[in-house]
Amino acid sequence: MTGVLLRNIIGFLVQMAPCALLCLIPFGNRFRGGARRAWGLSALIVAVGLVPFLAVAVMPLVVSDGAPGEI
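Anyway, here's the lowdown on the structure attached to this text. Residue positions are counted from 1 within each chain, in the order its sequence is given. Thresholds applied to this predicted model are a pLDDT of at least 70 for local features of residues and 80 or more for the giving and counting of side-chain atom pairs; totals over whole chains, interfaces and linings are not thresholded and use all residues. Hydrogens and waters are ignored; side-chain quantities use all the structure's heavy atoms.

### Brief notes about the overall build of the protein chain
Numbering goes from the N terminus for both helices and strands, where a helix is a DSSP run of H or I of at least four residues and a strand is a run of E of at least two. Each helix and strand in the protein chain was counted, giving two helices and zero strands. Remark: exposure states derive from per-residue accessible area (1.4 Å probe, protein chains only) relative to the maximum for the residue type, with buried under 20%, exposed over 50%, and partly exposed in between. Taken over 71 residues, the protein chain has a buried fraction of 17%. Areas reported as accessible are Shrake-Rupley estimates using a 1.4 Å probe. Residue values count occlusion only from the protein chains shown. Element-wise, carbon and sulfur atoms account for 72% of the exposed surface of the protein chain, whose accessible area totals about 5,700 Å².

Here's what the structure looks like:
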């Protein structure tokens, strides 16, 4: 189950981190609260999004007592 969690975390970050980066780059330093705050909020949004993603990804393993099965 640890391998599944690790794979899902890495996969989520590989997809979401570049998207967050590419969404913030065009605005440069024109953020109201400063660039550091904007990057921090972006990281927080990605981290908060990771929680439900992992819950849905791990739920089938928890329900079936850790035995992988067909989906």
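Here the narrative resumes, following the displayed structure.
### What to know about helix H1 (residues 2-24)
Spanning 23 residues, H1 covers 32 Å between terminal C-alpha atoms, matching the ideal 33 Å at 1.5 Å per step. The secondary structure elements touched by the buried residues of H1 are helix H2 (35-63). How far a helix is expected to stretch is found by multiplying one less than its residue total by 1.5 Å. In this analysis, two residues are considered to be in contact whenever any of their non-hydrogen atoms come within 4.5 Å of each other.

### Focus on the packing of aromatic side chains
Stacked, tilted and edge-to-face pairs are distinguished by plane angle, under 30 degrees for stacked and over 60 for edge-to-face with tilted covering the rest, among Phe, Tyr and Trp rings (Trp via its six-membered ring) whose centres lie within 6.5 Å. All told, the structure shown has one aromatic pair when counted by the stated rule. On the numbers, 4.9 Å between centres and 35° between planes, the contact of Phe12 with Phe53 is tilted. Taken as a pair, Phe12 in helix H1 and Phe53 in helix H2 lie far apart in primary sequence, 41 residues in all. Assessed through its relative accessible area of 10%, Phe12 is described here as buried. Phe53 sits in the partly exposed class, given a relative accessible area of 34%.

### Description of H2
For H2, with 29 residues, the first-to-last C-alpha span of 43 Å sits near the 42 Å given by 1.5 Å per residue. Taken together, the buried residues of H2 touch H1.

### Comments concerning the nonpolar core
Among the buried residues, those of types Ala, Val, Leu, Ile, Met, Phe, Trp, Tyr and Cys that are joined through side-chain atoms within 4.5 Å form a nonpolar core. Judged by nonpolar contacts, Phe12, Ala20, Val46, Leu50 and Leu54 together constitute the single largest core of five residues. Of all the secondary structure elements, the ones that give two or more residues to this core are H1 and H2. The element best represented in this core is H2, accounting for three residues. Non-local contacts of Ala20, meaning those with residues more than four positions away in its chain, are made with Ser42 and Val46.

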